[in-house]
Each structure stands twice: as C-alpha cells, then as structure tokens.
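Letter by letter, the chains look like this.
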Amino acid sequence: MGRRVTRQEFLLMSAGAGFVLAGCGGGPEENPAVQQQAGAGSGKQYNGPKVKLSFWNGFTGGDGDYMLRMVKQFSSQEKNIDVTMNTIQWPDYYQKVPAAVSSGEGPDVGIMHIDTVATNAARQVILPLDDVANALNLKKSDFFPVVWDAGIYNGHRYGIPLDVHPYALFYNKDVMEKGGLDPDKPPQTKDEYMAALDQLKDKGIQGFWVPSVAPDVTWLFETLLYQNGGELYNDAVTEATWNSDAGVDALTWMVDLIKEGYSPKNVGALAEQVAFQNNKNAFYWSGIWNILTFRDAGVNFGAGPLPQIGSEKGAWANSHNFVIMNKQDQDPNKIAASKFFISWVSRNSAEWAKAGQVPARNSVRESSAFQSLEPQSKIAQELPYVRFPPSVPGIDAVVPAALDPATNEAVLLKKDPEAALDEAASQAKQILKENRQKYQA
Amino acid sequence: MEDTVSVEPKASRRDPAQLVRLILSYGVLILLTAVFVAPLLWMLSTSFKTQVEATQLPPTWIPEHFTTGAYSKIFSTGKSQTPVLRWFLNSMIAASAHTALVLVTASMAAYALARINFIGRKLLFAVIVTTLFIPQFVFLMPNYLIVDMFGWLDTLLAVIVPGAAGAFGVFFLRQFFLSMPQELEEAALVDGANRFQIFLRIILPLSKAPLATLAVLSFLTNWNDFLWPVYVLFSPESLTLPPGLSSMQEAYQTDYQIIMAGGVVASIPVLLVYIFAQKYVIRGASRSGLKG
Amino acid sequence: MATQNVRRTEVQTSTRKILGVGGRKPTDASLLTPYLFMAPYLVLFGVFILVPGFYGIWISLHNWDYLLPGKPWVGLQNYVDLFTPGSVTFEPFWQSMDATGKFTLYSVPLLVVVPLLVALVLNQEFRGRNFFRTVYFAPYVLGVAVIGILWRYLLDANVGLVNYYLGQLGLPDNIPWTNELPWAWVALVGPTVWWTLGFNTVIYLAGLQDIDPALYDAAKVDGANRWRRFLHVTLPGLRPILLFVITVTILLSANVFGQPYIITNGDPGDETRSAIMYIAEEGLKNFNMGSAAAMSYVLALFLAVISVANFALFRYRGD
C-alpha cells in the first residue's frame, strides 16, 4: 500500500480487530478505540460503562404496563443499562419530543408510529438506524414486508418495527345471542354482515354504531376504502385519491347505515366503544389493542379479522417503531445501549403481543408463544392486506387536517359524502404541495 | 378602605324590613361561602381516600378509610412520571426568581420614568404603556423561538425570564413613585447624593407597600402560569406545578385521589401566601381597577 | 414660605442622616444614570416584547416550521387562507373563534352582573364583611390548573359530586358535562364564574366605596327609594369600574385556554376548542408557526376592535 491509511480505515481495522479480540475474550476494555467503536456500532451486546437511558412512549393505557414490565426485566438483566420509561399521551408526545430533542433535552430512545417516521426524520429528530439493522442482521425477510419498507425515508432506515396493530372486528357474544346470532360465527362477508344487522334490527338492537368523531370515523373509512380497492394517495403523493368511487362508496355505506337505522346518529366520542362494553351493540371495528380494554371490563367478546364489505380484503393499521433520538452531544455509549435495548425488546416482543399487538418480527409471530395467543394470532391473518401511508414527511398531518373534518361532517349528515371527500381532497392537494416546499429546502 | 360608606346604621332603625333584608343577606353570603369552600374541602378530603372510595357513590365527605396512600405515591422518591415534589420545587424557584427579577428591573425603570427627566422618556413610556394593551398570545410563537434560540426550552429560565418583560410592574410602580413627595429626593440631591443612593436608601424603603403588592402579584401570576409552561417545558422533571397537574390528570385518569392530592400540594403554598398577604393581593386587585 | 424652608432643612438633616453624606458639592448627575436605570428592564422588554412583536409578523409571512431548515416565504397567504372558505385553516380557525365567542357571550354577563350583586350585598353588611370577601376571592389565587382538575372531577358524569347531588334533588344524575353540548358550556362557564367571581367582586367593592356618601344622602332626601338610588347614584358612580370590569372580563374570556384544555379538552370533537387552544396547537404542536402567528394577529385585531367599541359605547352613554 503506497498511500497512508486514512483515519477511517484505521478505525475500521481496529474495530475489526476489536470484534475478533472481544470474541476471544480479550475484552474491549483494554483497547479504548475498540471500546468506542464497538459501543457505537454493535447492537448485539452492550459492553460499555453504566448508562441511563430515557425511553419515552405514548402507551398510556393498559399496554403501558406490559411495556413497563419488559423495561424492568431488561434493566434487571442488563446491569449496565438503566432504562426509565416515561409515558405521555400520543398527541402531546409528538409535540414535546421533537421540541425537546431539538433543544438537546428529551428522551434517548422512543417509539413512534410508522406514519410519523418520515416527518421526524426530515426534521432531524431521529437518527438513521441502517447500521443497527445490519448489526442485528435484520433483513426484510425477517419482518412483514409492508412494515419493513415503510420505515425507510430518503434511502435510510429510521425505524425498527416493533408491532403492527390493525383494525379488527370485535363482537359482543351476549348481544349476538340476544339477537339470535351464533356468537362463535361472526359475519365475514358483506352479505353475512348485513344479514346479521337486519336480524339485530328486528330485535330492536342497533348492531353497529358508526363513529362520528376522529380518528375512529376516519380509520373506519380508510378500512372500507381499501376494501373497495381504493388508495389514500396517488403514487407520486401529489394528490389524495380518497374521493374516488371506492371512497365515495365507502363513506356512503357508512352514512346509509345510519340512515337506515342500523346505527344511531351523532355517536359521540368513543360512545360506540362504551356501548359495546355496556352490551348495547354487537359489532365494533377497532384497533387490536382494545383486547385489553374489553378484557379488563369483563365483556363477553370475541375478536377476529374484519368482515370483507368490499371487493377485496383490507384493514387500516399502524405500527409502533423504535427510534433513536438525535440529540446534540450524544454519548456514544448511550446510542450503543439504545440499540441493544431495541434489539432486546424486538426479540422478546412476544411478551408485547399480550398487550394486544401483532409482533412485526416474523420469527416472533411464528413462534408458538404468539400462535397460542388468542385472538391476536387470528387477527394477525390480516397482515397481508394492511396498508400504511407513504413514507413522505408531513404525511401524518394531511389526514387529520383534511380528511377528518370531511368524514365527521358526512357521518353527522351535515354534508354529502362525495362533496365532503372532494373538498377534503382539494385541501389535501394544497397541504401536500406546501409540504413539498417546506421539507425540500 | 375599611370604611363602610353606604351602610344603614343598624342600631337606630330596627324596622322589620331592615331585619328581613339583613337575614336574607347573611343567608346569601353564607350560602355563597359554602359554594366556595365546599369544593376545596372535597379536594382535601378526596386526597385522603382510597381509589375505590374516591370514585364511589354516595360520596363520603369524611373518608371512611383514611389513608395517606395518595401522598406517599406522589412523594415517592423513585423516578416517577409525576414527580410532584420536584414540580413544587421548580415552581418555587421559578416564581421566586421571577419575582426578584420583576422587582429589580421594574422598580429601577419605574423610578427613572417617574423622576428623572431624560431624552426619550416620554416616548419610552408611551411605548411601554401601549404594550399593556397587547394580548399575551401575540407573543407566543416568536417568544417560543427566541427562547429556543437561547437554549432555554425545557429549563426553568424559560418560565422565569420572558414574563418579567411585562409592563404592568413598571406602570404600577411608576404610579406610586409619582405620588411620593419630592422634597426628600431634592434635598438629597442637593446634598450630593447620586441617583442610585437615593433610589436605594430613600425611595425603596418608603415603597415597601407597593413593592410587597407587586411581589405578591408577580409570585402568584408566575406560580399559576399555565399556557406558556405547557408548551415550553417537556420532560417530567422540568415541569412546574400547573402543567404537572394537567399531566397528572392524563397519567392517573380515574385515580382521583392522587390527582386531588396533587391539587392540594399545589394549593397550599398559594393559600398560605394569600392568607398572610391577603391585603396586598386584594389591594393589588382593586387598585388595578381603580386606576382605569 | 418660612415653613417650607424650615421643612426643607429638617428634611435635609434627615436625608443626611440616611445617606451619611454631608457638605459635599452637588454631584454632576451623570447623563447615563437614567439609561442605566432603565437598562435591565429595557433589555427584557426589547428581547421579549419588542423583538417578538416584529418577529411574529415576519413569521406569519412564511410557512414556518422551526425544526426544518426551509421556511418558504408565502407572503400574505396565511392570512388569506384564514378568510378563504375551503382552505385548510379556515374552518378550524373560525370554529375555534366561534367557541371562544360563545364562551365569552355566556360568561361575561354572569361575570359582570353576579359579582356586582354580591358586592352590593357585601357593601351593606359590616359584620364579617372581610371574612366573606376573603373567602370569595380565594379561588382566584389557586390558578386555572387546580380549578380545572378539581372541576373536571366534580363534573365527571359517573363519579362527580355535581351529578350525584342533582340526582338527590330529583334531577337527572347522568349529565355528560364534559363531553357533550350544551352541557360542556356549563362545564366551562360555571367553574370560570366560581373562579373569578371574587376578583370582580373585590373590584366592585373598591368602586362602591369610592362613591361619595353625600350623593346617597341627597338622593334619600329627594325621596328616592333603594332602586332609584341604585340607578341614579350607584350605577353612574360605578361607570369607570363597570367599563373596566366589562373590558377586562371580555379580554380574559377571549383568552380562555386552561379551562377547555383541562376540563373538556375541546370536546365534543372541537366544539369547545378555544381560539387560543387552536393557535397553540397549530403552532406548537403541528409546528405550523406561520399560520398560527397569522391567526394570533387576526384574533388580536378582533379584540382591539371590541375594546374600542366598548370604550366608545361607554363614553357615549356617559353624555
């Protein structure tokens, strides 16, 4: 070699040597350069000094208890890493975390929903995690493809998926019996569903309450949109396409349910959930996480894949992803510890599934521990047909700003579905354009 | 101020209409007192209950199972999401520092504006007074960015310093200084004292009452500030009591006994200040009306 | 003249004692002195009031997300959007203005009239008057956060005291105070009145006591009864106070944030989301600071117009 070895190459070689030495029991503590590199790069183990990690998430419900248990278990196993968990409601979380991190405070590691990852990456709130994925040998084949791809922004991976939480059908067995339906045979096709609703209606029961308040009303709409073969956005993400026929049909079906008396009007915020708990309706479409809610409330319920109302199967879903925060003056040991923490939780996510989640990792999903979990394992069958929004910064603001008011007004019978969706689409176009300008500079 | 101006002398006119009116009035006043005191007593009582008792009906005004569990929960020293003691400390530090800052800067500025004739005095005063009429929220966005620029976000500095820029203190003290007789200062000037000495040794000692009023008002305003701290403080350990209480409501949902315990902790210092400095608080409130 | 001179000498002696000076020649008052006095305050004032005043306008002319490097210039677009039906911010902004307007409409009359009545009652009793005044004012020192969490609990549909006692009185006992209309307005206005009544009462009391008793005596001599005395002596005497109370109450109501944030969280949906709540959400949660800044200027303009109208109304009535 005629030229001088560059510093990078030197470090890489030391790292390589370090890995070898560490495996041989030589101990990285003896070689400071190696310790640094191993600390920063590897997620397989943590050999650094004692660190404290601050872990923030939005698990304010019963699922928080499960995560806390895992965190405590981790901290007691790993003597060198002390993780403290802080839970804030998700809306406040997305306000506080970017602001805190950008001013050098806030958490070290956190959870973010898949549709916010691009936004926070563009805002430089979170770090790219390509090397984590590599070090942990995580490949697309280890995860559910849709969820794996959605964590990429600008060619880099920013999120390590923990779970997928799709919409599922919850059915109240007591009410079904009262309506003369078989409580173990929930409807799975449009015909079955409408027949069930008719039968309930004859018995004076409004079987399915259509939510009117966001986000539930919009999530229901999106599910039906997908089932009708529609999409939220076009491929270039320059326009919203929810006002296609698929969308108009979906929203019209929701409105007709109300008009025809299968659902009451003006269902208040989460009133459909309370009604389900109080045995007033039979069917409730909602996120898989509500398994815990209803178990705690003692409802006699079952849960499973959604009925197929449209021409295809489809379900709204979101996914919790691990992210590492981009704080100034980071301690490389903290980053290393964060990566190790993430990989530990990911490997042990069967425990997390008990909180009413579907693990994103294939091996965990296929494990007997998860397969024996009812009804999560049944709902996991929906994974092939869930959809996420495109990984474009600012995308998480479009639906709340444009689509939520539209679905709300349509369901409140204040606006015609097609008109509402058209107006929402034109607003979305505007926001998408502003986002492109804003995030490009 | 304690004068009873339009009082009907009781002794001389004991006619029945008078008596009835008296009884009715007392009745109304006592009823009102109950309306104001009962909820606070309820907050106190609930803070000593178990979760079950706090959410059961019929309600019990005196806890059947008296417990300090709520308090031990919020005072627990382990790392918590709702470190109430820490919030208490933060509020104390912030309100005290803020008050000190206000007293120092406002008194000096008010003195100059009231007593020293200098170029630009009229203009400065006009500008300052005009800002009294501009609502606070107009400054919300830009001040957030400025505070971020200084690196004060999520620190107590963000809740101590910006609020001290308000014009009320300057205005209030200037009014008072204007009303002071000038002879003392003139004499001192003739004697060769400089302005600083006059300010420190003559003006301030004579201004104890308005300074105390301003101090109490500033302390209370800062202690109770809600909108601004909610948006500039993030981490659990950095919060002051008001945003902390709000986060307790989210964190504890139906554990009302814990939420109420937090409310009690937040209320006690201000109620103490109020009871002991009541006349300053009330005087400050009523003065602000009279000047208008 | 002589007495003044004597006084001056006495004063001089005492000042000498206080200052410990004596016999020096008059110091040249430094020209810098007043500016040095003003400086600390002016620094604060400049940084946190003057600069933001202009900076805010600058921000409102951009699509400003402070976490992003690019903040594209949009000119007056943020303002135009607020007045263009169909734009993204039009509906939520005016909805929040509507909520603030409703809150102000419902609360101001109560907050102006009821404290006056209480002050009138208090003004005539002289036994324990201070005790009552102290009690009624107390809630005001507690701050909106305590008030909010306390009343959120009291108004809880299932376990709150209010519903329980309503039930005891034979009225419906399951009113959803905090998340349905029209009850949500009661849940906001009620606690606000409870909180602020004492404050306004104290102001009225001070004003009542400033009214010259001779006026009342004269009116009595003229044969005026209590009602006429109220109309012709009390009310006119209270005019400046009334103006103050009405103006301040309107402004404070328009600024409402804590009560809807803690008690109803804007529910149902966004019906009780006040203008300030929406502005703070837009700017500091969604990081659309330009748009939020524009909204705050529009709201401030509204308030300015209302204040001026208020003043004008009162001055007109005065003549």
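Keep in mind that what you see is a predicted model, and the values were worked out from it rather than measured. (Residues numbered from 1 in each chain as written. Chains lettered and ligands numbered in written order. Predicted model: local features only at pLDDT ≥ 70, side-chain atom pairs only at ≥ 80, totals over all residues.)

1. Looking at the overall build of chain C
1) Next: Check the secondary structure of chain C and you find 13 helices and 0 strands.
2) Next: Beginning at the N terminus, the succession of helices and strands in chain C can be written as α-α-α-α-α-α-α-α-α-α-α-α-α.
3) Next: Residues counted as buried form 42% of the 319 residues belonging to chain C.
4) Next: For chain C, the share of sequence-separated contacts (at least 6 apart) that also reach a separation of at least 24 residues comes to 65%. (Helix = DSSP H or I, 4+ residues; strand = E, 2+ residues; numbered from the N terminus. Buried ≥ 20, exposed ≤ 12 C-beta atoms within 10 Å, placed from the backbone. Contact = placed C-beta atoms within 7 Å.)

2. Brief notes about the interface of chain A and chain B
1) Next: With 11 residues of chain A at the interface, the matching set in chain B holds 10 residues.
2) Next: Considered class by class, the residues forming the side of chain A that touches chain B number 2 nonpolar, 7 polar and 2 charged. (Nonpolar A, V, L, I, M, F, W, Y, C, P; charged D, E, K, R; others polar.)

3. Some points on the packing of helix H8 (residues 183-209) of chain C against helix H10 (residues 226-254) of chain C
Residue and element names in this part refer to chain C.
1) Next: It is the contact of H8 with H10, at a shortest axis distance of 9 Å, that shows an interaxial angle of 165°. In terms of orientation, H8 and H10 fall into the roughly antiparallel class. With respect to the hand of their crossing, H8 and H10 are arranged in right-handed fashion. Residues Asn200, Ile203, Tyr204, Gly207 and Leu208 of H8 form the contact with H10, whose participating residues are Leu238, Ile241 and Val245.
2) Next: Counted by class, the contact of H8 with H10 contains 6 nonpolar, 2 polar and no charged residues. (Axes fitted to C-alpha atoms, helices over the stretch in contact; angles between N-to-C directions. Parallel < 35°, antiparallel > 145°, perpendicular 65-115°, else oblique. Left-handed = near helix turned anticlockwise from the far one by under 90°.)

4. Quick word on the domain arrangement of chain A
All names here are of chain A.
1) Next: Partitioning chain A into domains gives domain 1 (47-161 + 320-359) and domain 2 (166-317 + 392-440).
2) Next: Between the C-alpha centres of domain 1 and domain 2 there is a distance of 30 Å.
3) Next: With 12 residues of domain 1 at the contact, the number on the domain 2 side is 13 residues.
4) Next: Looking at the side of domain 1 that touches domain 2, the element that brings in the most residues is helix H5 (residues 114-122), giving 5 residues.
5) Next: Taken together, the residues that form the side of domain 1 that touches domain 2 break down as 4 nonpolar, 6 polar and 2 charged. (Domains from an automatic or database assignment.)

5. Brief notes about the pairing of strand S9 (residues 301-304) of chain A
Residues and elements named next belong to chain A.
1) Next: The side-chain alternation of S9 yields one buried face, formed by Phe301 and Ala303, and one unburied face, formed by Gly302 and Gly304.
2) Next: Of the pairings in the sheet, the one linking strand S7 (residues 163-172) to S9 comprises 4 bridges and is antiparallel in character. Bridge pairing links asparagine 172 to phenylalanine 301 in S9. (Pairing = 2+ DSSP bridges.)

6. Considering unusual backbone geometry
1) Next: The step from alanine 214 of chain A to proline 215 of chain A runs through a cis peptide bond, and the omega angle for that step is 0°.
2) Next: Of note, the amide linkage connecting leucine 181 of chain C to proline 182 of chain C takes the cis form, showing an omega dihedral of -5°.
3) Next: Its location among the elements puts proline 182 of chain C in the loop between helix H7 (161-168) and H8.
4) Next: Of note, glutamine 124 of chain A is a non-glycine position whose phi angle comes to about 60°, a positive value.
5) Next: Along the chain, glutamine 124 of chain A turns up in the loop between H5 and helix H6 (130-135).
6) Next: Assessed through the 14 C-beta atoms surrounding it within 10 Å, glutamine 124 of chain A is described here as partly exposed.
7) Next: Even without being a glycine, leucine 413 of chain A presents a positive backbone phi close to 60°.
8) Next: Looking at leucine 413 of chain A, the number of C-beta atoms within 10 Å reads 13, which means it is partly exposed.

7. Details of the nonpolar core
A general feature of soluble globular proteins is that nonpolar side chains tend to end up buried together.
1) Next: Core analysis: the largest hydrophobic core is formed by 299 residues, its most contacted members being Phe341 of chain A together with Ala109 of chain B.
2) Next: Ranked by residue count, the leading element in this core is helix H14 (residues 256-290) of chain B, at 15 residues.
3) Next: Sequence-distant contacts of alanine 109 of chain B, that is, excluding residues within four places in its chain, are made with Val170 of chain B together with Phe37, Met38 and Tyr41 of chain C. (Core = buried A, V, L, I, M, F, W, Y, C linked by C-beta atoms within 7 Å.)

8. Quick notes on the sheet that holds strand S11 (residues 320-324) of chain A
Residue and element names in this part refer to chain A.
1) Next: Here we have 5 strands laid out as an open sheet, ordered S2-S1-S3-S11-S6, and mixed in their pairing. Pairing within the sheet leaves two strands with one partner each, and these edge strands are strand S2 (81-87) and strand S6 (160-161).
2) Next: The pairing of strand S1 (residues 51-57) with strand S3 (residues 109-113) spans 2 bridges and is classified as parallel. Its bridge partner lying in S3, phenylalanine 55 is registered against valine 109.
3) Next: Each of S3 and S11 is contacted by H5, which is oriented at about 120° to S3, the strand it contacts most.

9. Some remarks on the interface of chain B and chain C
1) Next: Tallying the contact residues gives 92 residues for chain B and 86 residues for chain C.
2) Next: For the side of chain B that touches chain C, the element with the highest residue contribution is H14 of chain B, accounting for 16 residues.
3) Next: A per-class count over the side of chain B that touches chain C returns 65 nonpolar, 20 polar and 7 charged.

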